[in-house]
Structure formats: C-alpha cells, structure tokens
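Fold and contact review
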Amino acid sequence: MEKIVFEKSDIRDYVKAVISEKIEKLKNFIEFTLEASRDIKKTPKYDSMREEMQEEIYQMQRQLGALNDLKRNMSKVLNTSTERVQLGSLVITNKARFYISVSLGEFFYEGDRFYAISPESPMAKKMMGMKAGNAFTLNNIHQQIVEVI
C-alpha cells in the first residue's frame, strides 16, 4: 500500500479556514435576520413573528459563540511533529484519520476524509500518549495506529 504524506500545517490551516468561513456565514445570517425582523409590518401575527425571529437570532448568537471558542482553541493547537498522540497530533489509524484539535467533526481535505476531534472526546482520550504500532478498541471497533504526525 502506497504511503500518503499529509502536511499537518496545511490541515491545520484548512480547519482554521473552515471555522472562519462558518463564523462569517453565521454573522451574515444574523445580520440578515436582524434586518428582516426590523422590516416586519405590523400585522395580527407581528408579535409572534418577531418573537420567533428573536429566538432564532439568540440561537445563532450561541452558535457564533461556540465557533469563536473553536477558533480560540485552535490557537492552542501545536503544529509540531509528535511521536506520541497529543493535542495537535494527526493520527492515522487503519480505519480513519483523526486531527486532535477541536470538535469540528468530519471534513474532507484534498479528497481524503478526516475527523477533527477534541482532546476531550472519548476517541482522543483513548489514543492519548499512544504511538505508531499501538492498538485500541472503542465501541467494539478495533483500530491500529499506523502513524502519528
């Protein structure tokens, strides 16, 4: 099997860009919703419509706060090469590729599937401190660490 070389700094930059893009989209949507709520004409349903929009804006602001937390946490992620799994490691197993960074979930980079997971996740906790060649089982799925970058 051909060994694929991943540039961890490129993946890190990509994750940061995805977070920034989500933040911008959400900011634009919040602004759009705020403007729409100002344009509501006084009708019999005026109060309930405005209330629903305010609730929607509140939920989006909470999501924006969570995304800003992800962005802040990404600044703490190391970009150095590691032998053992730690915050900032790119872990290649026989089943998947995990970037121990922030809880962003599944993403595709240059056609390959990755999972950005928090160091607090059960998967990351299971792998912490391990190195290439180590194996672990989580949720009855056995995985072998092929490489730690």
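Residues numbered from 1 in each chain as written. Predicted model: local features only at pLDDT ≥ 70, side-chain atom pairs only at ≥ 80, totals over all residues. Heavy atoms only, no water.

Here strand β1 (residues 90-93) shows a buried face lined by L90 and I92 and a second buried face lined by V91 and T93. Where β1 meets strand β2 (residues 97-100), three bridges bridge the pair, whose relative direction is antiparallel. Bridging across to β2, I92 finds its partner in R97. Here β1 hands over to β2 after three residues, the two strands then running antiparallel side by side. With three bridges joining them, β1 and strand β6 (residues 141-148) adopt antiparallel strand pairing. From the neighbouring strand, V91 faces β6, where its bridge partner is V148. (Buried < 20%, exposed > 50% of the residue type's maximum accessible area, 1.4 Å probe, protein only. Helix = DSSP H or I, 4+ residues; strand = E, 2+ residues; numbered from the N terminus. Pairing = 2+ DSSP bridges.)

This part is about the environment of V146. Relative to the helices and strands, V146 resides in strand β6. Placed 73 residues apart in sequence, V146 and N73 show a C-alpha to C-alpha distance of 27 Å. Look past the residues within four positions of V146 in its chain and what remains in contact with it is I92, T93, N94 and A132. (Contact = heavy atoms within 4.5 Å.)

Glancing now at the confidence of the model for the protein chain. Taken residue by residue, the protein chain gives an average pLDDT of 91. The fraction at 70 or more is 95%. Confidence, read as mean pLDDT per element, is least for helix α2 (residues 46-74) in the protein chain (91) and greatest for helix α3 (residues 122-127) (97). (pLDDT = per-residue confidence, 0-100.)

Moving on, we come to the packing of aromatic side chains. For the structure shown, the criterion picks out six aromatic pairs. Here a set of aromatic residues connected by ring pairs shows up, and it is made of Y14, F107, Y109 and F114. In this structure, R97 is placed above the aromatic ring of F114, and the distance from its NZ or CZ to the ring centre is 5.7 Å. (Phe/Tyr/Trp six-rings, centres within 6.5 Å; stacked < 30°, edge-to-face > 60°. Lys NZ or Arg CZ within 6 Å of the ring centre and 35° of its normal.)

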